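Descriptive structure summary
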Amino acid sequence: MSATALDLLSVQDLENNHQPPLYAKREIALVRGEGCYLFDSDGRRYLDAMSNYGVAILGHADEEYAAALADQLRTLATGHQSFYSDVRAELLAAIAAIAPASLTRYFLSNSGAEAIEAAIKFSRVATGRSSLVAAKRGYHGRTLGALAVTADQKYRAPFEPLTPKTTHVAFNDIDALDAVVGEDTAAILLEPIQGEGGIWPATAEYLQAAREIASSRGALLIADEIQTGFRTGAPWAISASEVTPDILVTAKALANGFPIGLTMMTEAVSAAIPAGGHGTTFGANPLAARAAIVTLRALRDRDLYANSMTIGDAIMDGLNAIASPKIRQVRGRGLMIGVELKERVTATLRSFQNEGVLILPAGPTTFRLLPPVIWQQQQVDELLHAASVVLS
Ligand SMILES: Cc1ncc(COP(=O)(O)O)c(C=O)c1O
């Protein structure tokens, strides 16, 4: 049940009058979730094909997750990292169990951008260098350091000058990367599948070349798995290319909606960080730690990594089978899917919403599907039915 009983107009008025106008609002108010579905303030049900930007990986109001968080709230919610915590320790062990073997040290924070900030700072201190190389169309967040490695001028221009010197190169272009990584490059920062920029998977050759270029020139490779994590058949999308980065960053789905960020690194990177050189008040608090422990356990024990591939393949096959004059290309892996249209995407988002399905944009002409990984064939059928109505 919703904690408030405001009608839609009051909700809209209060948000419009008391927030800076930062978001293009979709006019409905979401008040409740249950499994794969969301409900608006009028009681209308929507199929959730977005997990609130890739966050609610187990869907909504999961019983086990809710019970664990309620229990933790009654036990201990907050705890600074200058004290040891049993729950934090348990989370670190759970992370170690899914981490690439050489990434043995974990910095916990509260959001994707904060996890990227840590990665940027740690790469600079570990290499003694200050510049970064990132990809065009790449998205890494909106704090100043994270914004400096984000490519899109729409996000950057109003806030320039930004701090770290960053060169943006064409994605999936090995020669372009080879040409710019130099003596002052602290790190190459890449998404294994670009999310916000339009769902563009990196090729295995590109990631392997990035690894080689970084290693041979004394730079680090940072993988941004904030959006890709936990939804492409394995914890990490980069593992499909058999590349191990020096730093791997995740957030979004890690705690199924409880704010969290994670920056994983090698012993060598960790050893370069001075004691007291970085920190956070809220990071790795017992409530966030419990949320992540339960999420990681559910992903493993309910076989949801395999499910993300089975369901993702069924969606991609179904979308490719729709005879639509509007579709240019279907791209993606697992439950991270983009459909590039031959027109702007805004009207399509609205048409899906009218059909009772919530999807996201990814750039001006692509729509994005980031469903919870608990989807079954029934949800695939509902999505494809709506897609055939909207796109045919
Ligand atoms: C790949 C990637 N990196 C970083 C971020 C920033 O994360 P947050 O919004 O939690 O700061 C996002 C958010 O969409 C993202 O998709």
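Our subject in this report is the structure included herewith. Source: prediction; values computed, not measured. (Residues numbered from 1 in each chain as written. Predicted model: local features only at pLDDT ≥ 70, side-chain atom pairs only at ≥ 80, totals over all residues. Heavy atoms only, no water.)

Running from N to C, helix α4 (residues 86-98) and helix α11 (residues 286-301) point in directions that differ by 35°, and their axes come no closer than 9 Å. Crossing hand, α4 versus α11: left-handed. Facing α4, whose interface residues are V87, R88, E90, L91, A94, I95 and I98, α11 presents P286, A289, R290, A292, I293, L296 and R297. Here the residues of the contact of α4 with α11 are counted per class, giving ten nonpolar, no polar and four charged. (Axes fitted to C-alpha atoms, helices over the stretch in contact; angles between N-to-C directions. Helix = DSSP H or I, 4+ residues; strand = E, 2+ residues; numbered from the N terminus. Left-handed = near helix turned anticlockwise from the far one by under 90°. Contact = heavy atoms within 4.5 Å. Nonpolar A, V, L, I, M, F, W, Y, C, P; charged D, E, K, R; others polar.)

Right, let's get into the pattern of salt bridges. Within this structure, the stated rule accounts for 15 salt bridges. Where D301 meets R300, a salt bridge forms, and the shortest distance between an N and an O atom there is 2.7 Å. Each member of the pair, D301 as well as R300, is classed as exposed. Across the salt bridge formed by E340 and R328, the nearest N and O atoms sit 3.7 Å from each other. Here E340, found in strand β14 (residues 336-341), pairs with R328, found in strand β13 (residues 327-333); they are twelve residues apart in sequence, far enough to count as distant. Judged by its relative accessible area of 14%, E340 falls in the buried class. Through salt bridges with shared partners, a single network forms among D62, E64 and R302. (Salt bridge = Lys/Arg side-chain N within 4 Å of Asp/Glu carboxyl O. Buried < 20%, exposed > 50% of the residue type's maximum accessible area, 1.4 Å probe, protein only.)

A word on the site of the ligand. The environment of the ligand is made up of S111, G112, A113, Y139, H140, G141, E191, D224, I226, Q227 and K252. The contact in question runs from a nitrogen atom of the ligand to an N or O atom on the side chain of D224, over 2.7 Å. Take K252: an N or O atom from its side chain is 3.0 Å from an oxygen atom of the ligand. A total of 390 Å² of accessible area belongs to the ligand in isolation, and the protein chains cover 83% of it. Each residue belonging to the shell around the ligand can be placed in one class, and the counts come to three nonpolar, five polar and three charged. (Near = heavy atom within 4 Å. Polar contact = N/O pair within 3.5 Å; in protein donor to acceptor, adjacent residues only side chain to side chain. Areas by Shrake-Rupley, 256 points an atom, 1.4 Å probe, with all protein chains shown as cover.)

A few words now on the environment of G277. Its place among the elements puts G277 in the loop between α10 (267-272) and α11. On the basis of relative accessible area, G277 is assigned to the partly exposed category, the value being 36%. Sequence separation between G277 and A70 is 207 residues, and the spatial gap between their C-alpha atoms is 34 Å.

As a packed pair, helix α3 (residues 63-75) and α11 sit with axes 9 Å apart at the nearest point and diverge in direction by 155°. Considering their axes alone, α3 and α11 lie roughly antiparallel with respect to each other. Relative to α11, α3 is oriented so that their crossing is right-handed. Side by side, α3 and α11 meet where E64, Y65, A68, L69, D71, Q72 and L73 of the first sit next to P286, L287, R290, A291, V294, T295 and R297 of the second. For the contact of α3 with α11, the residue count by class is eight nonpolar, two polar and four charged. (Parallel < 35°, antiparallel > 145°, perpendicular 65-115°, else oblique.)

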